[in-house]
Amino acid sequence: MEATAANAPAPWADMPTDCLVHVFRRLDLEDLAAAAPLVCRGWRRAAADPSLWRALDLRRDHVARFMPWGALAAAFARRYGVARFTFAGFLRLCVARARGSAADLALPPLLVSPAADLDHISLQCPRLRRLALPQLPAGDEARLPELIPRWPLLEHLEIEAKPSSCFPALAAQLALHCPSFTSLKTSGAVKPEDAAAMARSLPGLRSLCLDRSYLPKEHLLAILAGCKELREFSARGCVGFDDRDEEVTRRGARIERFDIGGSRLLDDVENDMAAGDEFCDSSYVDVIVM
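Residues numbered from 1 in each chain as written. Predicted model: local features only at pLDDT ≥ 70, side-chain atom pairs only at ≥ 80, totals over all residues. Heavy atoms only, no water.

**Side note on the overall build of the protein chain**
Turning to step 1, where the next piece is worked out: Scanning the protein chain from terminus to terminus reveals 16 helices and eight strands.
Turning to step 2, where the next piece is worked out: Here the protein chain, with 290 residues, has 44% of them falling under the buried criterion.
Turning to step 3, where the next piece is worked out: For the protein chain, the share of sequence-separated contacts (at least 6 apart) that also reach a separation of at least 24 residues comes to 71%.
Turning to step 4, where the next piece is worked out: For the protein chain, the accessible area works out to roughly 14700 Å², and carbon and sulfur atoms hold 53% of it. (Helix = DSSP H or I, 4+ residues; strand = E, 2+ residues; numbered from the N terminus. Buried < 20%, exposed > 50% of the residue type's maximum accessible area, 1.4 Å probe, protein only. Contact = heavy atoms within 4.5 Å. Areas by Shrake-Rupley, 256 points an atom, 1.4 Å probe, with all protein chains shown as cover.)

**Let's talk about the sheet that holds strand S3 (residues 130-133)**
Turning to step 1, where the next piece is worked out: Strand order in the open sheet formed by eight strands is S1-S2-S3-S4-S5-S6-S7-S8, with parallel pairing between adjacent strands. A strand with exactly one partner marks an edge of an open sheet, and here the two such strands are strand S1 (55-57) and strand S8 (257-259). With strand direction ignored, the average angle separating the axes of adjacent strands in the sheet is 5 degrees.
Turning to step 2, where the next piece is worked out: Across four bridges, the pairing between S3 and strand S4 (residues 156-159) is parallel. Pairing of leucine 131 across the sheet is with leucine 157, part of S4. (Pairing = 2+ DSSP bridges. Axes fitted to C-alpha atoms, helices over the stretch in contact; angles between N-to-C directions.)

**Let's talk about the pairing of S3**
Turning to step 1, where the next piece is worked out: Inspection of the sheet shows strand S2 (residues 104-106) paired to S3 by three bridges, in the parallel sense. Each residue of the ladder has a partner; that of leucine 105, found in S3, is leucine 131.

**Let's talk about the confidence of the model for the protein chain**
Turning to step 1, where the next piece is worked out: Of the residues in the protein chain, 87% reach a pLDDT of 70 or more, and the chain-wide mean stands at 86.
Turning to step 2, where the next piece is worked out: Segment residues 282-286: pLDDT under 50, and nine contacts once partners within four positions in sequence are set aside and those in other chains are kept. (pLDDT = per-residue confidence, 0-100.)

**Quick word on the packing of helix H12 (residues 192-201) against helix H13 (residues 217-226)**
Turning to step 1, where the next piece is worked out: In the contact formed by H12 and H13, the axes pass within 8 Å of each other and the chain directions differ by 10 degrees. Relative to H13, H12 is oriented roughly parallel. Residues Pro192, Ala195, Met198 and Ala199 of H12 touch H13, and the partners they reach there are His219, Ala222, Ile223 and Gly226.
Turning to step 2, where the next piece is worked out: In the contact of H12 with H13, the residues fall into six nonpolar, two polar and no charged. (Parallel < 35°, antiparallel > 145°, perpendicular 65-115°, else oblique. Nonpolar A, V, L, I, M, F, W, Y, C, P; charged D, E, K, R; others polar.)

**Section: the packing of helix H7 (residues 87-98) against helix H8 (residues 114-124)**
Turning to step 1, where the next piece is worked out: Orientation of H7 relative to H8, taken along the N-to-C sense of each, is 5 degrees, at an axis distance of 11 Å. On the basis of the axis angle, H7 is roughly parallel to H8. Side by side, H7 and H8 meet where Ala88, Leu91, Arg92 and Val95 of the first sit next to Ala116, Asp117, His120, Ile121 and Gln124 of the second.
Turning to step 2, where the next piece is worked out: Of the residues that constitute the contact of H7 with H8, the class distribution is five nonpolar, two polar and two charged.

**Considerations on unusual backbone geometry**
Turning to step 1, where the next piece is worked out: One non-glycine residue, arginine 99, lies in the positive phi region at around 50 degrees.
Turning to step 2, where the next piece is worked out: Of note, arginine 99 is situated in the loop between H7 and S2.
Turning to step 3, where the next piece is worked out: The residue arginine 212 is not glycine, and still its phi comes out positive at about 55 degrees.
Turning to step 4, where the next piece is worked out: Structurally, arginine 212 is set in the loop between strand S6 (207-209) and H13.
Turning to step 5, where the next piece is worked out: Relative accessible area serves as the criterion here: at 34%, arginine 212 is assigned to the partly exposed category.

**Here's the deal with the side chain of arginine 97**
Turning to step 1, where the next piece is worked out: Summarising the element assignment, arginine 97 is placed in helix H7.
Turning to step 2, where the next piece is worked out: We note that arginine 97 is buried and unpaired, the nearest opposite charge coming from aspartate 49 at a distance of 11 Å.
Turning to step 3, where the next piece is worked out: Apart from residues lying up to four places away in sequence, arginine 97 is in contact with Leu32, Ala33, Ala47, Ala48, Pro50 and Trp53. (Lys, Arg positive; Asp, Glu negative; His and termini not counted. Salt bridge = Lys/Arg side-chain N within 4 Å of Asp/Glu carboxyl O.)

**Some details on the packing of aromatic side chains**
Turning to step 1, where the next piece is worked out: Per the stated rule, a full pass over the model turns up two aromatic pairs.
Turning to step 2, where the next piece is worked out: Between the aromatic rings of phenylalanine 24 and tryptophan 43, the centroid separation amounts to 5.2 Å while the plane-to-plane angle is 70 degrees, which identifies the pairing as edge-to-face. Linking phenylalanine 24 in helix H2 (residues 17-24) with tryptophan 43 in helix H4 (residues 41-47), this pair joins segments that are 19 residues apart in sequence.
Turning to step 3, where the next piece is worked out: With a centroid separation of 5.6 Å and an interplanar angle of 20 degrees, the aromatic rings of phenylalanine 233 and phenylalanine 258 are classed as stacked. (Phe/Tyr/Trp six-rings, centres within 6.5 Å; stacked < 30°, edge-to-face > 60°.)

**Some words on the environment of leucine 118**
Turning to step 1, where the next piece is worked out: By secondary structure assignment, the location of leucine 118 is in helix H8.
Turning to step 2, where the next piece is worked out: A relative accessible area of 2% means that leucine 118 is categorised as buried.
Turning to step 3, where the next piece is worked out: For the pair leucine 118 and leucine 144, spaced 26 residues apart in sequence, the C-alpha to C-alpha distance is 8.7 Å.

**A short note on the pattern of salt bridges**
Turning to step 1, where the next piece is worked out: Under the definition given, this model contains 15 salt bridges.
Turning to step 2, where the next piece is worked out: For glutamate 155, the salt bridge goes to arginine 129, with nearest N and O atoms at 2.9 Å. Of this pair, glutamate 155 sits in the loop between helix H10 (144-147) and S4 while arginine 129 is found in the loop between H8 and S3, placing the two residues 26 residues apart along the sequence.
Turning to step 3, where the next piece is worked out: Where glutamate 232 meets arginine 257, a salt bridge forms, and the shortest distance between an N and an O atom there is 3.1 Å. One end of the pair, glutamate 232, is in strand S7 (residues 232-234); the other, arginine 257, is in strand S8, and 25 residues separate them in sequence.
Turning to step 4, where the next piece is worked out: Judged by its relative accessible area of 58%, arginine 257 is exposed.
Turning to step 5, where the next piece is worked out: Among the ionic contacts, a cluster of salt bridges with common partners joins Asp119, Arg143, Glu146 and Arg150.

Given below as structure tokens:
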């Protein structure tokens with residue numbers, strides 16, 4: 001009996017794949033890629049299930065996770081013999097495991113070749129519903145409008161820095177090709193043409209976040225007038241209007257969650273800068289000079 005028990009396969013080796021997949025939903029992407037597949041064939045089969053790779057949050061703790069000297073790079077070198085670990089390689093592994101089913105993707109500012117990575121994502125992830133992008137070089141952000149048609153199911157787009165020149169074209173493409181699009185988050189200098197594009201092309205927005213942007217009052221009012229379906233609006237820490245402005249507050253009263261705390265007029269910020277006020281940190285300087 002003892003010999004038979006000793007030679008019996010481990011319980012987890014016979015566990016049904018769907019049960020393993022359910023358990024593996026608690027694992028990080030790193031463990032799914034570099035640990036679970038090496039336990040046994042059953043675990044390797046379960047770890048490759050596309051449903052485990054539909055939400056790809058590659059932005060969280062990205063410096064600690066994806067540096068060449070980090071634990072993940074060491075695990076790939078030790079277990080797979082990968083001599084040169086790169087974020088681009090790991091990104092392509094995740095996309096391949098999703099097999100076209102990725103619905104949620106958040107990218108960190110580690111893209112060595114943004115154009116190539118975005119092209120790959122647009123072709124291999126046609127079912128994206130949520131996409132978060134880092135700040136992109138001007139040449140790469142200019143290509144965003146032509147990529148949008150490849151994500152017809154897109155509902156939410158987050159761009160760390162608002163495209164400086166192509167935002168109206170981007171908004172037009174979202175309106176034309178993404179009928180379920182309702183949520184936008186970005187930050188930067190909101191120009192008159194940007195405000196007009198939001199009001200004209202994206203009137204069905206339900207959630208809009210423009211925190212820490214340069215947002216003159218007239219542009220803010222134009223956005224609020226055009227985007228009548230808003231349920232959430234945030235413009236915290238902006239420069240260009242006063243968060244105590246009565247007209248702005250009155251226009252925002254219809255919105256369920258309306259938050260403009262900490263926003264100030266440009267003159268007030270410049271005065272504080274001249275006086276050396278600590279309230280005016282580097283983020284305000286950045287948004288003023290954009």
